[in-house]
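# Descriptive analysis of the structure
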Amino acid sequence: MNNADLIVATLKAAGIRNGFGIPSGNVLPLMEAMRRGGLDFVLTAHEGSAGFAADVSGRLTGAPGLCIATLGPGATNLATGVGSAFLDRSPMIAITCNLNTDQLGRRIQMWIDHHALFRPITKATFRLEPGKIAETLAQAIALTLSEPRGPVHLDLPEDVALAPGNEPVPAIAPRKPIAPAPEAAMARAGELIAAAKRPIAVIGASAMRLADPSLLRKVVERHRLPFATTTMAKGMIDEDHPLALGCIERARRQLQRRLLHSADLIVGLGYDTVEVEYEAWIGDVPLLQIDIEPVDIPGSVKLVHQATGDLDASLARLAARPPGSNTWSAAALAAHRREFQAALRPPAASFTAHAAIDAVRRALPREGLLSFDVGAHTHQIASQWPAHAPQTFLITNGWSSMGFGLPGAIAAKLARPDHPVVCLIGDGCFQMTCGEVAVAKRLRLALPIVVLDDRWLALIKVKQIRRQFPFYGTALQEEEYREPPAHYFGVPAVGVRSAEALEAAVTAGLAADGPTVIEAVVDSEHYIETVYD
Ligand SMILES: Cc1ncc(C[n+]2csc(CCOP(=O)(O)OP(=O)(O)O)c2C)c(N)n1
Ligand SMILES: [Mg+2]
C-alpha cells in the first residue's frame with residue numbers, strides 16, 4: 001500500500017464513489033490507486049467541469065464531491081468549479097497532483113503556488129505530507145462537511161503519492177451540527193411571526209442543506225406562512241403548495257417585489273445573501289432572519305431580530321410554537337400565483353423560450369432532476385419551472401458561472417441513476433462545455449441535453465438594450481440557423497422548432513440508452529419583458 005492507496009481508502013470510507021478530473025503524469029499514481037481501490041475516475045473534457053460535477057455530487061450524495069487535476073493550468077481550470085462549491089457551500093475535496101517535493105517552488109514547467117491559488121476559494125488548503133496523510137484527510141473531510149460546508153483543497157506531490165503508506169485508514173468523524181440558536185431568540189422569533197398580519201417567509205440556500213427538509217413545510221403550515229424562495233431553494237417545499245409564491249428576484253421580479261412590499265414581516269429561513277442581497281428587494285419591510293450565521297446587511301435594512309444557529313433545530317422549534325393569525329387569504333395567494341405565471345408567458349406566434357421550458361417540464365416526470373445553466377434562461381427557468389422536491393433543481397447562483405449545467409447533469413445522473421435527469425442550457429453555455437457531451441456518451445447516460453438556441457448571449461444582450469449600448473460581442477451565430485450535425489462525438493443531435501417536437505424529443509431522450517443533444521431553436525425576444533422587467 002502506498003500513500004495514494006491510503007488516500008483512496010480514506011475517501012471511500014467517507015462515502016465517496018467517484019472523482020472527476022483530467023490526468024497528467026503526476027496524477028497517474030493517484031489514478032492507479034483509484035483503479036485498484038474501486039473509486040471510479042471520471043474523465044471530463046475540462047477541469048472546470050470536473051469541479052462543477054464534484055459540487056453536484058457533494059450536494060446529492062451527502063459525501064464530499066471529489067475532483068482531481070494536475071498542477072498549474074489543471075489547477076487554474078479546476079478553480080472555476082471549486083469556487084462554485086465555495087460560494088454555493090457544497091462539500092468537496094479538490095486534489096491537485098504536484099511535482100516531487102524537492103521540485104516545489106522552483107521554476108519548473110507548469111508550477112504555480114497551489115495554496116495561494118486555492119486559499120481564497122476554499123475553507124482550507126493543505127499539503128499532504130508523509131506520516132500525516134490520514135490525519136490531514138480526516139481533518140479535511142470533517143471540515144468540508146461541517147457548516148457552512150465548502151471545498152477543501154489538498155496538494156499531493158508525486159513522490160508522496162508513491163511513498164509507502166503505513167498509516168491506518170482514519171476513522172471518519174460523525175458530522176457535528178453547529179450550536180442551536182438560544183431558546184430566547186427562538187421564542188422572540190415565534191412571537192414576531194405570531195404577531196404579524198402579513199408575514200412572508202423567504203427560503204434561501206442554507207435550507208438546501210437541512211438534514212430534514214420537511215421541517216420547512218411544517219413551519220409554513222403551522223403558521224400559515226406564504227413562502228417564496230430564492231433560485232437555489234426551489235423545491236425545498238413542493239411549489240404546488242397552496243402557500244407557495246414562487247421564486248423571487250428572477251423573471252418578473254417586479255411582480256414579486258410588489259407582493260413582498262405589501263408584507264409586514266419578511267422571515268428569512270436559511271436566506272443566504274450570496275444569491276441576492278436583501279437590500280435589492282426588501283425596501284422598508286421589517287426582517288426576521290433565521291439562519292446559520294449572522295446576516296450580512298447594510299444599515300438601510302430594517303432588521304428586527306435574528307436567530308442564529310443550527311437550522312434544523314431552529315425550524316423544529318418554530319414548528320412547535322403557537323400559531324398566529326395572519327390575514328392572508330388563500331384566494332389572494334392563488335390570484336397572485338396566477339398573475340405571476342401568466343406574466344411570464346407573453347403570447348407570441350413564434351416558438352418562445354418560455355414555451356420550450358414548459359415543454360421540457362411536461363416531459364420530465366415530477367421526481368426528475370433538472371440541471372441548468374447561467375444566462376437569461378436561468379431567470380426564466382427559475383420563475384416559471386415548478387419544482388416539486390428538494391435536490392431536483394440544480395444550479396449555481398452564488399458563483400453563477402456559465403458551464404455548470406452539463407457537468408452538473410452528468411453528476412446528477414451518476415448520483416441518481418434511477419431518476420430521470422434533464423440538462424437545459426443556453427447556446428452560449430453549450431459552446432463553453434460541449435466537450436462534456438462526449439463524457440455523457442462514454443458513461444452511457446440517458447441524458448437529454450436541451451440547448452435553448454437563441455443565437456445570443458441573451459442576458460448580456462438584454463443588458464445592452466437596457467443600458468442603451470449597441471449590440472456588440474454578444475451574437476453567437478450571425479448566419480441563418482442550420483440543422484445541427486447528425487451527431488456530436490457520436491451523440492445524436494436533433495433540431496426542434498416547436499413545443500410538441502421538443503416534448504417528444506425529451507421523452508425519447510429519457511428512454512434512450514445514451515445522451516441526446518436537442519437543439520431547440522427559440523425566439524427569446526420576450527426576455528426584455530420577462531427577464532428584465
Ligand atoms: C464563466 C462566466 N463567464 C461570463 C459570465 C457572464 N454571463 C452571464 S450569462 C451570459 C450569457 C449566457 O449565454 P447563453 O448560454 O446563450 O444563455 P442566454 O443568456 O442566451 O439564455 C454571460 C456571458 C458568467 N456568468 N460566467
Ligand atoms: Mg443564448
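To keep things clear, this report deals only with the structure shown in the data block. Owing to the predicted nature of the structure, the values given are computational and were not obtained by experimental measurement. (Residues numbered from 1 in each chain as written. Chains lettered and ligands numbered in written order. Predicted model: local features only at pLDDT ≥ 70, side-chain atom pairs only at ≥ 80, totals over all residues. Heavy atoms only, no water.)

### Observations regarding the overall build of the chain
Spelled out, the test is: Numbering of helices and strands starts at the N terminus; helices are DSSP runs of H or I of at least 4 residues and strands are runs of E of at least 2. Within these notes, the globule rule equals 2.2 Å times the number of residues to the 0.38 power, and the radius of gyration is based on C-alpha atoms. The buried label applies to any residue whose accessible area, calculated with a 1.4 Å probe on protein chains only, is under 20% of its type's maximum; exposed applies above 50%, and partly exposed to all values in between. Residues count as neighbours in contact if any of their non-hydrogen atoms are within 4.5 Å of one another. Accessible surface area values rest on a Shrake-Rupley calculation with a 1.4 Å probe, where residue burial reflects the displayed protein chains alone.
Across its full length, the chain holds 20 helices and 19 strands. For the chain, whose C-alpha radius of gyration is 24 Å, the value lies close to the compact-globule estimate of 24 Å for 533 residues. Taken along the three principal axes of its C-alpha coordinates, the chain extends 70 × 65 × 45 Å. Looking at the 533 residues of the chain, the share that counts as buried comes to 59%. Sequence separation of 24 or more characterises 75% of the internal contacts of the chain that already satisfy a separation of 6 or more. Accessible surface, the chain: about 20,100 Å² in total, of which carbon and sulfur atoms supply 55%.

### Looking at the sheet that holds strand β15 (residues 421-426)
The cut-off we apply is this: Here a strand pair is declared whenever DSSP counts at least two bridges between the two strands.
The mixed open sheet is built from 7 strands, whose spatial order is β14-β13-β15-β16-β19-β18-β17. This sheet does not close on itself; its edge strands, each paired only once, are β14 (393-394) and β17 (487-488). For strand β13 (residues 369-372) and β14, the ladder comprises 2 bridges, and the chain directions are parallel. Among the inter-strand pairings, Ser371 is bridged to a residue of β14, identified as Leu394.

### Topic: the coordination of the magnesium ion (ligand 2)
Here is the rule: Each metal site lists N, O and S donors within 2.8 Å (3.2 Å for Na, K and Ca). With water left out of the atoms, a site can look as if it is missing ligands.
Summarising the metal site, the magnesium ion (ligand 2) is bound by the protein donors Asp427 (OD), Asp454 (OD) and Trp456 (O), whose distances to it range over 2.1 to 2.2 Å. Written as a sequence motif, the donor arrangement for the magnesium ion (ligand 2) is D-x26-D-x1-W. Here Asp427, found in helix α16 (residues 427-433), pairs with Asp454, found in the loop between β16 (448-453) and α18 (458-466); they are 27 residues apart in sequence, far enough to count as distant. Asp427 sits in the buried class, given a relative accessible area of 5%.

### What to know about unusual backbone geometry
Of note, the amide linkage connecting Glu147 to Pro148 takes the cis form, showing an omega dihedral of -10°. Along the polypeptide, Pro148 turns up in the loop between α6 (133-145) and β6 (151-157). Here Gln391, not a glycine, exhibits a phi torsion of approximately 60°, which is positive. The residue Gln391 is located in the loop between α14 (376-384) and β14 in this model. Phi at Arg455 is positive, roughly 65°, even though this residue is not glycine. Take Arg455: it is sitting in the loop between β16 and α18.

### A short note on the site of ligand 1
As a reminder, the rule being used: Put simply, a residue is near a molecule or strand once any heavy atom of it comes within 4 Å of that molecule or strand. Any pair of nitrogen or oxygen atoms within 3.5 Å is treated as a polar contact; in protein, a donor-acceptor pairing is required on top of that, and neighbouring residues in sequence qualify only through side-chain atoms on both sides. Residues are grouped as follows: Ala, Val, Leu, Ile, Met, Phe, Trp, Tyr, Cys and Pro are nonpolar; Asp, Glu, Lys and Arg are charged; all remaining types, including Gly, are polar.
Of all residues adjacent to ligand 1, which total 18 residues, the nearest are Ala376, His377, Asp427, Gly428 and Cys429. Contact between ligand 1 and His377: an oxygen atom at 2.7 Å from a side-chain N or O atom of the residue. In the complex, 77% of the free accessible area of ligand 1, which totals 590 Å², lies under the protein chains. For the shell around ligand 1, the elements supplying multiple residues, two or more each, are α14, α16 and α18. Residues belonging to the shell around ligand 1 are distributed by class as follows: 10 nonpolar, 6 polar and 2 charged.

### Concerning the packing of helix α3 (residues 47-61) against helix α15 (residues 405-415)
To keep it simple, the criterion reads: Lines are fitted to the C-alpha atoms to define the axes, a helix being fitted only along its stretch in contact, and any angle between axes, read from their N-to-C directions, falls within 0 to 180 degrees. Orientation categories follow fixed angle ranges, with anything under 35 degrees roughly parallel, anything over 145 roughly antiparallel, 65 to 115 roughly perpendicular, and all other angles oblique. In this scheme, a crossing is called left-handed if the near helix is turned counterclockwise away from the far one by less than a right angle; it is called right-handed if the turn is clockwise.
Two elements in contact, α3 and α15, have axes separated by 8 Å at closest approach and are oriented at 40°. One way to sum up the angle between α3 and α15 is to call them oblique. Classified by chirality, the crossing of α15 by α3 is right-handed. Here Ser49, Phe52, Ala53, Val56, Ser57, Leu60 and Thr61 of α3 lie close against α15, whose contacting residues are Pro407, Gly408, Ala411, Ala412 and Ala415. Residue composition of the contact of α3 with α15, grouped by class: 8 nonpolar, 4 polar and no charged.

### What about the environment of Arg338?
Tracing the backbone through its elements, the reader meets Arg338 in helix α12 (residues 330-343). It is 9.8 Å that separates the C-alpha atoms of Arg338 and Leu245, two residues lying 93 residues apart in sequence.

### Notes on the packing of helix α10 (residues 253-261) against α12
The contact between α10 and α12 brings their axes to 9 Å, and the two run at 160°. Between α10 and α12, the angle falls in the class roughly antiparallel. Relative to α12, the crossing made by α10 is right-handed. Listed contacts from α12 to Leu255, Gln256, Arg258 and Leu259 of α10 are His336, Glu339, Phe340 and Ala343. A breakdown of the residues in the contact of α10 with α12 according to their chemical character gives 4 nonpolar, 2 polar and 2 charged.

### Considerations on the sheet that holds strand β1 (residues 18-21)
A sheet is described by the order of its strands in space; here 6 strands give the open sequence β2-β1-β3-β4-β6-β5, paired in parallel fashion. Among the strands making up the open sheet, the edge pair consists of β2 (40-43) and β5 (124-127). Neighbour to neighbour, the strand axes of the sheet diverge by 25° on average, direction disregarded. Where β1 meets strand β3 (residues 65-70), 2 bridges bridge the pair, whose relative direction is parallel. Its bridge partner lying in β3, Phe20 is registered against Cys67. The strands touched by α6 are β4 (92-98), β5 and β6; relative to β6, the strand with the most contacts, the crossing angle is about 160°.

### What to know about the pairing of β13
Put simply, the rule reads: A crossover gets the label right-handed when its path from the first strand over the helix to the second runs clockwise, viewed with the strands pointing away from the viewer.
Because side chains alternate across β13, one face comprises the buried residues Leu369 and Ser371, and the other comprises Leu370 and Phe372, equally buried. In terms of strand pairing, β13 meets β15 through 4 bridges, oriented parallel. Considered in β15, the bridge of Ser371 is made with Cys423. Each parallel crossover has a hand, and the one from β13 via α14 to β14 is right-handed.

### Considering the nonpolar core
Short version of the rule: What we call a nonpolar core is a set of buried Ala, Val, Leu, Ile, Met, Phe, Trp, Tyr and Cys residues that are connected through their side-chain atoms within 4.5 Å.
In terms of nonpolar packing, the biggest core is built from 53 residues, with Ile200, Leu216, Ile266, Leu269, Trp281 and Ile290 touching the most fellow members. Take this core: its biggest share by element is 5 residues, from helix α8 (residues 183-195). Aside from chain neighbours lying at most four places away, what touches Leu269 is Ala201, Val202, Ile203, Gly204, Ala207, Leu216, Val219, Ile290, Leu315 and Leu318. Residues Val82, Leu406, Ala409 and Ala412 belong to the second largest nonpolar core, which totals 43 residues.

### Here's the deal with the pairing of β2
Sheet topology note: the β1/β2 ladder contains 4 bridges and is parallel. Opposite Phe20, over in β2, you have Val42 as the bridge partner. You can see the chain leave β1, run along helix α2 (residues 28-37) and come back into β2, and the turn it takes is right-handed.

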